[in-house]
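# Overview (structure and organization)
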Amino acid sequence: MSTQDAVTIYVPRDSTALALGANEVAAAITAEAGKRGQSIKLVRNGSRGMFWLEPLVEVATPAGRVAYGPVTPEDVPGLFDAGLLAGGRHTLHLGLTEEIGFLKNQERLTFARVGIIDPLSLEDYLAYEGFVGLKNALVKTPEAIVEQMIASGLRGRGGAAFPTGIKWQTVLRAQSAQKYVVCNADEGDSGTFSDRMIMEDDPFTLIEGMTIAGLAVGATAGFIYVRSEYPHAIATMNEAIAIANARGYLGDNILGSGKSFHLEVRKGAGAYICGEETAMLESLEGKRGVVRAKPPLPALEGLFGKPTVINNLISLASVPVILARGAEFYKNYGVGRSHGTLPFQLAGNIKQGGLVEKAFGLTLRQLLEDFGGGSATGRPIRAVQMGGPLGAYLPPSQFDTPLDYEAFAAIGAMIGHGGLVAFDDSVDMARQARYAMQFCAVESCGKCTPCRIGSTRGVEVIDKIIANEERAQQIHLLKSLCDTMVNGSLCAMGGMTPFPVLSALNHFPEDFGAPGEQAA
Amino acid sequence: MKRQQVFDVAAVRDIIAQRRDMAGAMLPILHGIQEKIGYIPADAVPMIAGELNVSRAEVHGVISFYHFFRQEPAGRHVVQVCRAEACQARGSEALAEHAQNVLGCGFHETSADGQFTLEPVYCLGQCTIGPNLTLDDELHARVDADKFKRLIQAKREA
């Protein structure tokens, strides 16, 4: 069989690419090559994260991978006419993929393989430094792994930014015959898709990171809690786990080390609150996703009452590179106490939406303008919500804030998981504030009163403000209500819903019919 | 009067038997039933409760807590329109209104002909290419009024 001169063509299988017709493009390319008697090898890679260019088709050439996009099935015959298989010129020709500015100016550590490899090819994974971190971890003591994690400066990427190594140390020191590792892949925040991309586009990274976490704390079992809205991620993750088990990278006696780690995917069921770590534990135990009071910390009494490491997916996916390259290598990225890189996600009304992994320290404006290219509609960007539905709305006057955990905290905002949603000047911020309260009312677990009742009252109060019923008094009432929610709620759901509400009121008072009013 | 539920009792029993020994078996069992039957029949509740040795109230409590689980069959097709912020920033509220007009029903409702159930969803993880929806579990991006009509028409004719 002669496949030696087969040209490799990449068509992504990431769900965003699929939503834009990648399967149809792949089929058209296969059919066209067949019709012309040309030999191709079609690889379904992940996405490079340049979603405005999806489906992004790449061709392997001696000079490197050449990109074309966004490609429709109708473009395919023309692409072949233009010499697609040799990287020929065409109106959709984007040059060498790695030279595209959006990608070239990133610092990809956690996402180093994403978009490059076939997500389910273990050979591809190994060829790009895969399982080097695991092999290093297997010859270290648990204490040494934890020390390395502490030294790396990695802080939890889910939002709270707690030092990952310290969390692991607590679990390591806990005495128990059974411990667990739980990956929080309940990526329910609008404007975020980095967890989804790792699961769909480089799942072995997560398997490797979780296995290392298990070795570090003495846990032999792990769960990945994935939301039901991510069927492609669940399917890919399950396939990858089966492959890793079959090839000895997971399960009993990992790579002949005598160590074991078993991994299982669990599907959520559409409850946003299950992204809160204790609600997630309840859900994994088969109960309503109602938050638990802390203490006890899950690190000491977590899943099924056992000591449990709970990390956000991106935290765990960042572990392999730290173990492979060393703590210093990772720590040297970033600014201040924000070490390493974060996969920022540019979403909403943005021209060039996608994934930008950068070291901490660049400004929001650089993300929006240099990478994002401004709004999709071409109108001015008026507000950016950072860190999900519980994150503050930022006005343009704050766009020069450096992306650094402490700098954001200082302006009453948070970086969270690095997801940002841009809105142009057609946005009505009073409506966005109302939405935040409404979302909390729909998604509250109901355990504590400030969140359960406060959110419903919040919607009513904002409705009165919009309708100009005793507006000044109602604005005063809204602030008081927010104060109660911030200080009286059991978890971040009720405790942070006031952030988008108050930031909208503070920065955009005119939308609440309160021009010039300076909210406290 | 309670509507008689007709479902494959043996299949439900099999799913429960296969998954009952999993740690935290409740959600995996409920997912299995909904995948097979399309919803969680009321008569499955005592079956689950008996096997897991919990009260029926507890099973019902779990089912009703999670938006994903249905207690009634859906229409022939399910449309889930994303109403979260990133899609809002790209025009999803107009799409939501349009969808209700085209289908002649509100969210959480089924069209009069039983063809389409309309549901909100809060983020499909496709936040750069909204407004997004899923139609029978298939993702569709950049859905405007025309595209919505085409998608619905194609299902009607299928």
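A brief report on the enclosed structure follows. Worth saying up front: this structure is predicted, and the values here are computed from it rather than measured. (Residues numbered from 1 in each chain as written. Chains lettered and ligands numbered in written order. Predicted model: local features only at pLDDT ≥ 70, side-chain atom pairs only at ≥ 80, totals over all residues. Heavy atoms only, no water.)

### Notes on the overall build of chain B
Across its full length, chain B carries seven helices and five strands. Ordered by position from the N terminus, the helices and strands of chain B form the series α-α-α-α-β-α-α-β-β-β-β-α. For chain B, the spread of C-alpha atoms along the three principal axes comes to 50 × 35 × 25 Å. Counting the 158 residues in chain B, one finds 52% classified as buried. (Helix = DSSP H or I, 4+ residues; strand = E, 2+ residues; numbered from the N terminus. Buried < 20%, exposed > 50% of the residue type's maximum accessible area, 1.4 Å probe, protein only.)

### Topic: the interface of chain B and chain A
The interface is formed by 35 residues belonging to chain B together with 57 residues belonging to chain A. The junction of chain B with chain A conceals about 3400 Å² of combined surface from both sides, 57% of it contributed by carbon and sulfur atoms. On the chain B side of the interface with chain A, the three residues burying the most area are F65, E85 and Y122 of chain B, jointly 19% of the side's total. Between E35 of chain B and K267 of chain A there is a salt bridge, with the nearest N and O atoms lying 3.4 Å from each other. Counting every contact that joins chain B to chain A gives 24 residue pairs in polar contact (both at pLDDT 80 or more). Residue assignment for the side of chain B that touches chain A shows that the elements contributing at least two residues are α2 (26-37), α4 (56-65) and α5 (85-88) of chain B. At five residues, the largest contribution of residues to the side of chain B that touches chain A is made by α2 of chain B. Grouping the constituent residues of the side of chain B that touches chain A by class yields 21 nonpolar, nine polar and five charged. (Contact = heavy atoms within 4.5 Å. Buried area = accessible area lost by both parts, 1.4 Å probe. Salt bridge = Lys/Arg side-chain N within 4 Å of Asp/Glu carboxyl O. Polar contact = N/O pair within 3.5 Å; in protein donor to acceptor, adjacent residues only side chain to side chain. Nonpolar A, V, L, I, M, F, W, Y, C, P; charged D, E, K, R; others polar.)

### A word on empty space enclosed by the protein
Here the structure, examined in full by the defined rule, presents one cavity of 30 Å³ or more. The volume enclosed by the largest cavity comes to roughly 50 Å³. Split by residue class, the lining of the largest cavity holds eight nonpolar, four polar and one charged. (1 Å grid on protein atoms, 1.4 Å probe; cavity = no way out; pocket = protein on both sides within 12 Å on 5 of 7 lines; lining within 4 Å. Points joined across faces, edges and corners; volume = space filled by probe spheres on them.)

### What about helix α16 (residues 364-371) of chain A?
Residue and element names in this part refer to chain A. Buried residues of α16: L364, L367, L368 and F371, and no others. Seen end-on, α16 carries its buried residues on one side only, within an arc spanning 120°. A positive backbone phi angle near 70° is found at G373, which sits one or two residues after α16. (Arc of directions from axis to C-beta.)

### Details of the nonpolar core
If you look at the biggest cluster of nonpolar residues, it comprises 154 residues, and the most contacted ones within it are W168, L206, I224 and I273 of chain A together with Y66 of chain B. With nine residues, the top contributor of residues to this core is helix α10 (residues 203-217) of chain A. If sequence neighbours within four positions are ignored, I224 of chain A has contacts with C183, A185, L206, M210, M237, I241, L263, E264, V265 and R266 of chain A. (Core = buried A, V, L, I, M, F, W, Y, C linked by side-chain atoms within 4.5 Å.)

### Focus: the side chain of S283 of chain A
Mapping S283 of chain A onto the fold places it in helix α12 (residues 277-284). Judged by its relative accessible area of 2%, S283 of chain A falls in the buried class. If near-sequence neighbours (up to four positions away) are discounted, S283 of chain A is found in contact with Y225 and C274 of chain A together with L27 and Y66 of chain B.

### Comments concerning the pattern of salt bridges
Per the stated rule, a full pass over the model turns up 35 salt bridges over all chains. Here R457 of chain A and E460 of chain A are joined by a salt bridge, their closest N and O atoms 3.0 Å apart. In this pair, R457 of chain A and E460 of chain A both sit in helix α19 (residues 449-466), three residues apart, roughly one turn of the helix. Take R457 of chain A: its relative accessible area is 41%, and that puts it in the partly exposed class. Note that E51 of chain B is salt-bridged to R20 of chain B, the shortest N-O span being 2.7 Å. Residue E51 of chain B is found in helix α3 (residues 44-52), and its partner R20 of chain B is found in the loop between α1 (9-19) and α2; the two are separated by 31 residues along the sequence. By relative accessible area, which is 36% here, R20 of chain B ends up partly exposed.

### Concerning the pairing of strand β9 (residues 308-312) of chain A
Residue and element names in this part refer to chain A. Burial within β9 is extensive, with five of its five residues counted as buried. Of the two faces of β9, both are covered, the one formed by T308, I310 and N312 as well as the one formed by V309 and N311. Of the strand pairs in this sheet, strand β6 (residues 180-185) and β9 are connected by five bridges, and their pairing is parallel. Looking at the pairing, V181 lines up with V309 of β9. (Pairing = 2+ DSSP bridges.)

### Observations concerning the side chain of Q126 of chain B
The topology assignment puts Q126 of chain B in the loop between β3 (116-121) and β4 (133-135). A residue is classified by how much of its surface remains accessible, and Q126 of chain B, at 2% relative accessible area, is buried. Among all residues touching Q126 of chain B, those that are not within four sequence positions of it are S15, T16 and R196 of chain A together with N132 and L139 of chain B.

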